[in-house]
Amino acid sequence: MKREEFNRGWIFYCEGQAADAREVELPHDAMLYERRRKDAPSGNGCAFFEGGTYVYEKRWYADMFRREQCIILEFGGVYRDAVVSVNGETVCKRPYGYSLFRVEIGPYLKFGEENLIRVVADNSRQPNSRWYSGSGIYREVFLLSGERSHILPDGIRVTTLELYPPSVKVEVRTRNCADDEIRMEILDGERVLAEAGGGEQI
């Protein structure tokens with residue numbers, strides 16, 4: 001799949017403060033916009049910030065040629081209790097704040113039109129971390145796009161079974177989004193060293 005940076009052109013504001021919305025570039029730490037007070041529930045682990053709920057919005061025009069594609073948003077990390085919506089429809093909820101997650105948004109897009117992507121991160125329930133966590137979309141976001149029949153992101157695993165010539169064996173496992181047969185080749189430049197498919201070992 002093609003992987004494109006999706007970090008620019010986001011509008012950010014704290015919930016209930018849309019009048020103070022500003023454009024930001026990801027990654028972005030929303031907690032730095034909160035007040036600090038010595039009796040904040042977050043304590044010294046989170047630098048006495050109060051925590052809050054943060055809104056990120058991005059308007060994105062979906063070209064007509066993308067209609068036949070699989071389109072996925074990849075979030076490196078959103079802290080925390082993230083809710084992702086497209087054109088007002090909730091497409092994903094992600095409570096954990098430290099791991100990468102992916103959301104297929106194609107079914108919710110209007111092609112040939114501008115679309116509203118919205119991410120809400122709720123870090124208001126404090127304390128919830130032993131150390132400074134940050135808040136909001138604190139890692140990069142990427143747009144993944146490709147054919148509907150495709151190998152899933154991170155869907156290839158290569159294991160060396162034998163490494164003693166001439167009996168070199170490599171196991172390649174793949175995960176794809178369809179039942180299509182996958183054929184694999186090992187190349188040395190243009191020369192095919194080995195090929196397999198349908199569950200065979202190389």
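Above: the structure in question.
Treat the numbers as computed from the prediction; the structure is a model and nothing was measured. (Residues numbered from 1 in each chain as written. Predicted model: local features only at pLDDT ≥ 70, side-chain atom pairs only at ≥ 80, totals over all residues. Heavy atoms only, no water.)

Let's talk about the overall build of the protein
When helices and strands are counted, the protein shows zero helices and 16 strands. Against the 2.2 N^0.38 benchmark of 17 Å for 202 residues, the protein shows a C-alpha radius of gyration of 22 Å, more extended than a compact globule. In terms of its C-alpha atoms, the protein occupies a principal-axis envelope of roughly 70 × 45 × 25 Å. Looking at the protein residue by residue over its 202 residues, the buried ones come to 42%. Sequence separation of at least 24 residues holds for 65% of the intrachain contacts in the protein that already meet a minimum separation of 6. Carbon and sulfur atoms make up 47% of the accessible area of the protein, which totals about 11900 Å². (Helix = DSSP H or I, 4+ residues; strand = E, 2+ residues; numbered from the N terminus. Rg over C-alpha atoms; globule rule 2.2 N^0.38 Å. Buried < 20%, exposed > 50% of the residue type's maximum accessible area, 1.4 Å probe, protein only. Contact = heavy atoms within 4.5 Å. Areas by Shrake-Rupley, 256 points an atom, 1.4 Å probe, with all protein chains shown as cover.)

Quick notes on the pairing of strand β5 (residues 69-75)
Buried residues dominate β5, accounting for seven of its seven residues. Judged by which residues are buried, β5 turns out to be covered on both faces: Q69, I71, L73 and F75 on one side and C70, I72 and E74 on the other are all buried. Judged from the seven bridges that link them, β5 and strand β12 (residues 141-147) form a sheet pairing that is antiparallel. Bridging across to β12, Q69 finds its partner in E147. Here four bridges tie β5 to strand β9 (residues 101-104), and the two strands are oriented antiparallel to one another. Note on β9: the bridge partner recorded for E74 is R102. (Pairing = 2+ DSSP bridges.)

Some points on the packing of aromatic side chains
The tally for this structure, following the rule as stated, stands at 10 aromatic pairs. With centroids separated by 6.2 Å and ring planes inclined at 85°, the aromatic side chains of F6 and W10 adopt a geometry described as edge-to-face. For the pair formed by F6 and W10, the shared burial category is buried. Here the aromatic rings of F6 and W60 are separated by 5.8 Å at their centres, their planes lie at 80°, and the arrangement is edge-to-face. With F6 in the loop between β1 (2-5) and β2 (10-14) and W60 in strand β4 (residues 53-62), this pair connects stretches of sequence that are 54 residues apart. Taken as a pair, F6 and W60 share a single burial class, namely buried. Aromatic ring contacts, followed pair by pair, group F12, Y33, Y54 and Y56 into a single cluster. Note that R36 overlies the ring of F49, its terminal NZ or CZ placed 4.8 Å from the centroid. Here the basic side chain of R80 rests over the ring of Y79, its NZ or CZ set 5.9 Å away from the ring centre. (Phe/Tyr/Trp six-rings, centres within 6.5 Å; stacked < 30°, edge-to-face > 60°. Lys NZ or Arg CZ within 6 Å of the ring centre and 35° of its normal.)

Section: the sheet that holds β9
Taken in spatial order, the four strands make up an open sheet running β1-β12-β5-β9, and their pairing is antiparallel. One side of each edge strand has no neighbouring strand; the edge strands of this open sheet are β1 and β9. Strand-to-strand twist in this sheet, taken as the mean axis angle between neighbours without regard to direction, amounts to 25°. (Axes fitted to C-alpha atoms, helices over the stretch in contact; angles between N-to-C directions.)

Without other data, these values stay purely geometric and don't point to any function.
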